[in-house]
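Residues per chain are reported as follows:
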Amino acid sequence: MSSSPFDPDDSADTGGMRKGLTSYGDQGFSLFLRKAFIKGAGFTDAALDRPVIGIANTGSAYNPCHGNAPQLIDAVKRGVMLAGGLPMEFPTISIHESFAAPTSMYLRNLMSMDTEEMIRAQPMDAVVLIGGCDKTVPAQLMGAASAGLPAIQLITGSMLTGSHRGERVGACTDCRRYWARFRAEEIDAAETAEVNNELVASVGTCSVMGTASTMACLAEAMGMTVPGGASPPAVTADRIRIAEQTGAQAVQIARDRLTIDKVLTPAAFENAMRVLLAIGGSTNGIVHLAAIAGRMGLDIDLATLDRMGRETPVLLDLKPSGQHYMEDFHAAGGMATLLRELKPLLRLDALTVTGRMLGEEIERAGPGFKQDVVRSIAKPIYPQGGIAVLRGNLAPGGAIIKQSAADAQLMEHEGRAVVFENLEDLARRIDSDDLDVTRDDILVLKNIGPKGAPGMPEAGYMPIPRKLARAGVKDIVRISDGRMSGTAFGTIVLHVTPESAVGGPLAHVRSGDRIRLSVANRELSLLVPDEELARRARECPITEPTAERGYRKLFLQSVTQADQGADFDFLRAPKKAGS
Ligand code: FES
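Keep in mind that what you see is a predicted model, and the values were worked out from it rather than measured.

*Asks:* Explain the overall build of the protein to me, using residue names and the numbers behind them.
*Replies:* Across its full length, the protein carries 19 helices and 14 strands. A globule of 579 residues ought to have a C-alpha radius of gyration of about 25 Å, and the protein, at 24 Å, matches this closely. Sequence-distant contacts, at least 24 apart, represent 75% of the contacts inside the protein between residues at least 6 apart. On the protein, roughly 22200 Å² of surface is accessible, and the fraction owed to carbon and sulfur atoms is 52%. Looking at charge distribution, the protein has the averaged site of its 62 positive side-chain charges lying 1 Å from that of its 69 negative ones.

*Asks:* Tell me about the environment of Ala378, and please be specific about residues and values.
*Replies:* Following the sequence through the fold, Ala378 ends up in the loop between helix H15 (358–364) and strand S7 (387–392). Judged by its relative accessible area of 72%, Ala378 falls in the exposed class. It is 29 Å that separates the C-alpha atoms of Ala378 and Cys206, two residues lying 172 residues apart in sequence.

*Asks:* Requested: an account of the nonpolar core, with residues and values cited.
*Replies:* One finds Phe269, Val275, Phe329 and Leu338 to be the most contacted residues of the largest nonpolar core, which totals 98 residues. Ranked by the residues each element gives to this core, the list is headed by helix H10 (residues 266–278), at eight residues. Residue contacts for Leu338: discarding those within four places in its chain leaves Val275, Ile279, Leu315, Leu316, Phe329 and Val374. Residues Ala395, Met411, Ile479 and Val493 belong to the second largest nonpolar core, which totals 28 residues.

*Asks:* Just give me the short version of the pairing of strand S8 (residues 395–402), but keep the residues and values in it.
*Replies:* Most of S8 sits out of view: seven of its eight residues are buried. Pairing analysis gives five bridges linking S7 to S8, with the strands arranged antiparallel. Its bridge partner lying in S8, Ala388 is registered against Ile401. Between S7 and S8, which pair antiparallel in sequence order, lie two residues. With two bridges joining them, S8 and strand S12 (residues 492–494) adopt antiparallel strand pairing. Of the residues in S12, the one forming a bridge with Ile400 is Leu494.

*Asks:* Could you give an account of the pattern of salt bridges, naming the residues involved and the relevant values?
*Replies:* Going through the model one piece at a time under the given rule, you end up with 50 salt bridges. Across the pair Lys39 and Asp45 runs a salt bridge, and its minimum N-O distance is 3.0 Å. Among the ionic contacts, a cluster of salt bridges with common partners joins Arg510, Asp513, Glu532, Arg535, Arg536 and Glu539.

*Asks:* Would you mind going over helix H1 (residues 27–39) in detail, with residue names and values included?
*Replies:* In this model, H1 (13 residues) spans 18 Å end to end at C-alpha, consistent with the 18 Å of a helix rising 1.5 Å per residue. When H1 is considered as a whole, its buried residues turn out to be Ser30, Leu31, Leu33, Arg34, Lys35 and Ile38. Contacts made by the buried residues of H1 are with helix H2 (45–48) and strand S2 (86–91). Two or three places before Gly28, at the opening of H1, Asp26 has a side-chain oxygen 3.1 Å from that residue's backbone nitrogen.

*Asks:* Any details on the packing of H10 against helix H11 (residues 284–295)? Residues and values, ideally.
*Replies:* The contact between H10 and H11 brings their axes to 11 Å, and the two run at 175°. Between H10 and H11, the crossing angle belongs to the class labelled roughly antiparallel. Contacts between H10 and H11 involve Phe269, Ala272, Met273 and Leu276 on the former and, on the latter, Gly285, Ile286, Leu289, Ile292 and Ala293. Classifying every residue of the contact of H10 with H11 by side-chain character gives eight nonpolar, one polar and no charged.

*Asks:* So what's going on with the sheet that holds strand S3 (residues 126–131)? Which residues, and what values?
*Replies:* What links the strands of a sheet is backbone hydrogen bonding, and the strands pair in either a parallel or an antiparallel sense. The four strands are arranged S2-S1-S3-S4 in an open sheet whose pairing can be described as parallel. Looking at which strands have only one partner, the edges of the open sheet turn out to be S2 and strand S4 (151–155). Averaged over all neighbouring strand pairs, the angle between strand axes comes to 25°, with direction disregarded. Relative to S2, strand S1 (residues 52–57) runs parallel, the two being bridged by six bridges. When the bridges of S2 are listed, Gly54 appears paired with Met88. In the packing of helix H5 (residues 136–147) onto the sheet, contacts are made with S1, S3 and S4, and the angle to S3 comes to roughly 160°.

*Asks:* Outline the side chain of Ser518, supporting the account with residue identities and numerical values.
*Replies:* By secondary structure assignment, the location of Ser518 is in strand S13 (residues 514–518). At 2.7 Å, the side chain of Ser518 forms a polar contact with the side chain of Glu412. Here Asn521 takes part through its backbone nitrogen, which lies 3.1 Å from a polar atom of the side chain of Ser518. With residues up to four places along the chain from it excluded, the contact list for Ser518 reads Leu390, Met411, Glu412 and Glu523.

*Asks:* Which residues make up the packing of aromatic side chains, and what values go with them?
*Replies:* Counted under the stated rule, the structure contains 12 aromatic pairs. Between Tyr24 and Phe29 the ring centres are 5.7 Å apart and the planes differ by 70°, which places this aromatic pair in the edge-to-face class. For Tyr24, a relative accessible area of 47% corresponds to the partly exposed category. Taken together, a centroid distance of 6.0 Å and an interplanar angle of 65° make the contact between Tyr461 and Phe489 edge-to-face. With Tyr461 in the loop between strand S10 (442–445) and helix H17 (466–470) and Phe489 in the loop between strand S11 (477–480) and S12, the pair connects residues that are 28 residues apart, well separated along the chain. Feature note: the residues Tyr106, Tyr551, Phe555, Phe568 and Phe570 constitute an aromatic cluster, connected by ring pairs. Directly above the ring of Tyr461 sits Arg176, whose terminal nitrogen or CZ lies 5.4 Å from the centroid.

What counts, and where the lines are drawn
Residues numbered from 1 in each chain as written. Predicted model: local features only at pLDDT ≥ 70, side-chain atom pairs only at ≥ 80, totals over all residues. Heavy atoms only, no water. Helix = DSSP H or I, 4+ residues; strand = E, 2+ residues; numbered from the N terminus. Rg over C-alpha atoms; globule rule 2.2 N^0.38 Å. Contact = heavy atoms within 4.5 Å. Areas by Shrake-Rupley, 256 points an atom, 1.4 Å probe, with all protein chains shown as cover. Lys, Arg positive; Asp, Glu negative; His and termini not counted. Charge placed at Lys NZ, Arg CZ, Asp CG, Glu CD. Buried < 20%, exposed > 50% of the residue type's maximum accessible area, 1.4 Å probe, protein only. Core = buried A, V, L, I, M, F, W, Y, C linked by side-chain atoms within 4.5 Å. Pairing = 2+ DSSP bridges. Salt bridge = Lys/Arg side-chain N within 4 Å of Asp/Glu carboxyl O. Expected span 1.5 Å × (residues − 1). Polar contact = N/O pair within 3.5 Å; in protein donor to acceptor, adjacent residues only side chain to side chain. Axes fitted to C-alpha atoms, helices over the stretch in contact; angles between N-to-C directions. Parallel < 35°, antiparallel > 145°, perpendicular 65-115°, else oblique. Nonpolar A, V, L, I, M, F, W, Y, C, P; charged D, E, K, R; others polar. Phe/Tyr/Trp six-rings, centres within 6.5 Å; stacked < 30°, edge-to-face > 60°. Lys NZ or Arg CZ within 6 Å of the ring centre and 35° of its normal.

Printed below as a string of structure tokens:
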């Protein structure tokens, strides 16, 4: 009997349109039906016989950071077709920082589930992940890691900088700076409205080393993008060319069956941690790396990160730790310039989506040139890595501080706690003239951890109390179990673990207690005797938050602590032996 084009087994290649047939109890019929439907869109058999490349489209009117998605998709499709594949675009959830309530982090795991299940459910041999805004790249890498197919990340790219009264400005470090000036009554409402027009000068992601830029750099450091994929701004020809190359490379990884587990190895995560430290990257990068690693059955060990931090200087002179913007980093050669400088500290044997090792890619990028955005190891902008890990009786599971963006004078500090029980309490009292606070105190905010708010919002960057701001105070020690935006700066202790909502020691801090912060000793201590803390815990037992239904119920039941990436416990992979 002659072979049938609808026999799902009668092919040397069971990929492409033959993959993952819908369950009708008759596989031949499933393929027959699938082909009939797709032919309704005008496809020929010749097209349908090609390797299928899924393209996760995260364009959304609510996401200006992905405003170039249509142009990127055109270019990816061109690259796929030039390389002999069939591009198939599909939508997933898209998340923007300013358009997601209560916080984008609450939805990251949902986006990762959407991405994973759509990659699994639909026939594709490889997938191009188009992401950019803070939570999208980690969500896509988490989902793709769990789905296990060949995958390649395409970053949307950073926005252009704007200009306000002769000063260069960009989101969102300058957003915070101008807002702080408005609160301190240094500028009026009219100027605030004026600068509001200039802070985001085009579509694309935030133009400083915030979480989006951090995750773009980490994705390239982990070998998940084509070389040079992190830095081109969103609206440039370079970005479009990267998209075309990404499409073509996606066909190659499909043919080579270069599955994501071959790229996201322990060596890749080690390189990501090095780069995170060397770029003065967002503290959120740690949470996201822990979540992505968890999907591969790996852990991000905070002690290792801290040890690496002591020997990895900050080389990248970008806001908020330095002076420049992402477009300057791109003009300075982008990640190739950074990786070349960091080479002695990297695992050069880590495989990338090109099928070559990271060390080979650094060699292929050629020699560098004179520039002033990436410093040499001999002349760093900060002698240690951007992030330090703190421990002590206030954070038995660890806490972190972005030391490169903190006030050097406050990093060794003992002070009196001024406690806010939750976000509502903070909003109600922070600007009150009656607030009992001085510049030497330590602001403590509870209940903004993974379960507390919920979703671990970026509220760890508490505003300076208005009466102190008016008196010219620019920084004060702040401690919470929440996160802060990668674009923020200050002496801010974050991710206190375990969080207060599950009964961590933070829950039992009271105004007037004394707290000691020593970044040099990596210490965060509540100077209250253990017996007193135990008494408070007995007097005021903690009830963990719950919900009646829906995603919130799933979230509160399943979200892990910051050191596990605040992923859902049931999405983590079984731990890999020896990890
Ligand atoms: Fe999207 Fe900053 S809001 S990257």
